[in-house]
Amino acid sequence: MPDVDGFDEFYRGSRQRLLGFVYVLTGDLAEAQDAVQEAYIRAWQRWSTVSGYDDPEAWVRVVASRVAVSRWRSLRSRARAYLRHGPTESVPGPGTDTVEVVAALRRLPEEQRTAIALYYLLGMPVAEVARQTAAPVGTVKARLSRGRTALAGLLAVSELEEAADA
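Scoring rules and cut-offs
- Residues numbered from 1 in each chain as written.
- Predicted model: local features only at pLDDT ≥ 70, side-chain atom pairs only at ≥ 80, totals over all residues.
- Heavy atoms only, no water.
- Salt bridge = Lys/Arg side-chain N within 4 Å of Asp/Glu carboxyl O.
- Helix = DSSP H or I, 4+ residues; strand = E, 2+ residues; numbered from the N terminus.
- Buried < 20%, exposed > 50% of the residue type's maximum accessible area, 1.4 Å probe, protein only.
- Core = buried A, V, L, I, M, F, W, Y, C linked by side-chain atoms within 4.5 Å.
- 1 Å grid on protein atoms, 1.4 Å probe; cavity = no way out; pocket = protein on both sides within 12 Å on 5 of 7 lines; lining within 4 Å.
- Points joined across faces, edges and corners; volume = space filled by probe spheres on them.
- Nonpolar A, V, L, I, M, F, W, Y, C, P; charged D, E, K, R; others polar.

Under the definition given, this model contains five salt bridges. For Glu38, the salt bridge is made with Arg42, and the minimal N-O distance between the two is 2.9 Å. Remark: Arg42 and Glu38 occur in helix H2 (residues 29-45); sequence separation between them is four residues, near one turn of the helix. With a closest N to O distance of 2.8 Å, Glu128 and Arg131 form a salt bridge. Of the two residues, Glu128 and Arg131 are both situated in helix H7 (residues 126-133); the distance of three residues between them amounts to about one turn of the helix. Note on Glu128: relative accessible area 23%, which makes it partly exposed. Assessed through its relative accessible area of 57%, Arg131 is described here as exposed. When salt bridges that share partners are traced, they join Arg17, Glu57 and Arg61 into one network.

Right under this line is the structure:
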């Protein structure tokens, strides 16, 4: 069992100095806080060993600075990759058919919508949909049937409205 009181005393006595040190290194308070927190976590995990060092604060300071530098290097690597490869291609928005289907699905009762999503979008068999929704297989089949019928009606209405608007 680690020396909780000893660690708490060490933490209270050194946290501000360490945070100030890492803040000067990084120039970013949030990054400094994250690095110092990570260093203290590692110190706590090894407190039985770290507490025996001549200067435990020096150990935590080295760990915190290494964590900060590692994060900085990671960010720099990501920035270089971004410059090398450019921004990711934008994903096109959904087509009008998709928007209409989603709008129609929203008008269905939740049980039918869930059954349709699990069966058609995730490709689950009826028995698995029944297990996931805690409903009998017959109920799932009925929900799927009613949901398909309702969707067909809702989508036919939207097609008729589009034809009337044209």
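Right, let's talk about the nonpolar core for a bit. If you look at the biggest cluster of nonpolar residues, it comprises 18 residues, and the most contacted ones within it are Phe7, Phe10, Val22, Val36, Tyr40 and Val60. Elements with a minimum of two residues in this core: helix H1 (4-26), H2, helix H3 (47-50) and helix H4 (56-85). Considering every element that reaches this core, the biggest residue donor is H2, with six residues. Residues Ile116, Leu118, Val126 and Leu151 belong to the second largest nonpolar core, which totals 14 residues.

Before going further, it helps to examine the layout of surface pockets. To find leftover empty space, a probe the size of one water molecule is rolled over the atoms. Empty space within the largest pocket amounts to approximately 150 Å³. Lining the largest pocket are Leu25, Thr26, Asp28, Glu31, Ala68, Val69, Arg71, Trp72 and Leu75. Residue composition of the lining of the largest pocket, grouped by class: five nonpolar, one polar and three charged.

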